Structure formats: structure tokens, C-alpha cells
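Overview (structure and organization)
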Amino acid sequence: CYEPLANFYLEKSNIYSIFDKVIGCRVGKFNFFVNQHPYGKDKVKFLSDKVCAVGLGDSYVDNYFLSLCDKVYIVGGSQRLIKYAKKDEWDYKVINS
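Residues numbered from 1 in each chain as written. Predicted model: local features only at pLDDT ≥ 70, side-chain atom pairs only at ≥ 80, totals over all residues. Heavy atoms only, no water.

Examining the overall build of the chain
Scanning the chain from N- to C-terminus turns up three helices and five strands. When the helices and strands of the chain are listed from N to C terminus, the series reads α-β-β-β-α-β-α-β. A compact globule built from 97 residues should have a C-alpha radius of gyration of about 13 Å, and the chain, at 13 Å, falls within 12% of that. Overall size of the chain, expressed as C-alpha extent along the three principal axes, is 45 × 25 × 25 Å. (Helix = DSSP H or I, 4+ residues; strand = E, 2+ residues; numbered from the N terminus. Rg over C-alpha atoms; globule rule 2.2 N^0.38 Å.)

Below, the structure is given as C-alpha cells:
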């Protein structure tokens, strides 16, 4: 997700304050190139202590960093991610956008 869009969503949903870090796509000068696009396992590299209180994801490939979170929000209802969350007994909530 484009990081400014994620920040906007979190602010409008009144949950921005529960997040210390938003990991998303960032573009370079004049929006011509992507200078950060963490995907799948690459998101874990952005976590300083590898343990998170709250995580938010919308895709199965987010499972790598969401598995490190105490509380998980699944946006959009990815059935594959929900199945994974149930199997691993995560504390999760589904948010349909």
C-alpha cells in the first residue's frame, strides 16, 4: 500500500495512534520511481525489535510480519490470511473496507 494512503486510512479510522510505524510503499522525487516497496518477508526488516503490539495487513503475504504481532487487523477480508490467522490462533479482527 502507498504509505500516505495507509496513514490517511488509519487517521480517518481513528486508529492511527496505536501504530508506531507504518510500513508501506514510498515514491521518490516527483513520484517517478519507487524507493521503498516492502513486500512479504521484506516488511520484517523494517521492525526494530521483531515484536509488535498491533499489526494491520490485507494480503496473505503480510503473514510474515503479522505473525510477530500481539493483535492483528485484517483489512478487506482476505480469506487465505484469515485461514492462516485461525490456524495459528492469532488474536485478530477483520475490517471490511
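Past the structure itself, the notes keep going.
With respect to helix H3 (residues 79–87)
Those residues of H3 lying buried are Leu81, Ile82, Tyr84 and Ala85. End-on view of H3: buried residues confined to an arc of 160°, all on one side of the axis. Residues of H3 that are exposed and angled more than 90 degrees away from the buried face: Gln79, Arg80, Lys83, Lys86 and Lys87. Looking at the buried residues of H3, the elements they touch are strand S3 (52–57), helix H2 (63–66), strand S4 (69–75) and strand S5 (92–95). The positive-phi residue at the C-terminal boundary of H3 is glutamate 89, with phi of around 55°. (Buried < 20%, exposed > 50% of the residue type's maximum accessible area, 1.4 Å probe, protein only. Arc of directions from axis to C-beta. Contact = heavy atoms within 4.5 Å.)

Focus: the sheet that holds S4
Spatially, three strands are ordered S3-S4-S5 in an open sheet, and the strand pairing comes out parallel. Both edges of this open sheet fall to S3 and S5, since each of them pairs with a single strand only. Direction aside, neighbouring strands of the sheet carry axes that sit 15° apart on average. The pairing of S4 with S5 spans four bridges and is parallel. Bridge assignment links isoleucine 74 to a residue of S5, and that residue is valine 94. Most of the contacts of H3 go to S5, to which it runs at about 165°, and overall it touches S3, S4 and S5. (Pairing = 2+ DSSP bridges. Axes fitted to C-alpha atoms, helices over the stretch in contact; angles between N-to-C directions.)

Looking at the packing of aromatic side chains
Aromatic rings considered in pairs are described by the distance between their centres and by the relative angle of their planes. As enumerated under the stated definition, the model contains two aromatic pairs in all. Measuring from ring centre to ring centre gives 5.7 Å for tyrosine 60 and tyrosine 84, while their planes differ by 85°; the resulting arrangement is edge-to-face. Note that tyrosine 60 is positioned in the loop between S3 and H2 and tyrosine 84 in helix H3, a separation of 24 residues in sequence. On the basis of relative accessible area, tyrosine 60 is assigned to the partly exposed category, the value being 24%. (Phe/Tyr/Trp six-rings, centres within 6.5 Å; stacked < 30°, edge-to-face > 60°.)

Regarding the nonpolar core
Core analysis: the largest hydrophobic core is formed by 14 residues, its most contacted members being Phe65, Leu66, Cys69, Val72, Ile74 and Trp90. Ignoring sequence-local partners within four residues, the contact set of tryptophan 90 consists of Asn63, Leu66, Ser67, Val72, Leu81, Tyr84 and Ala85. Core analysis: the next-biggest nonpolar cluster, separate from the first, contains five residues, Ala6, Ile15, Phe19 and Val22 among them. (Core = buried A, V, L, I, M, F, W, Y, C linked by side-chain atoms within 4.5 Å.)

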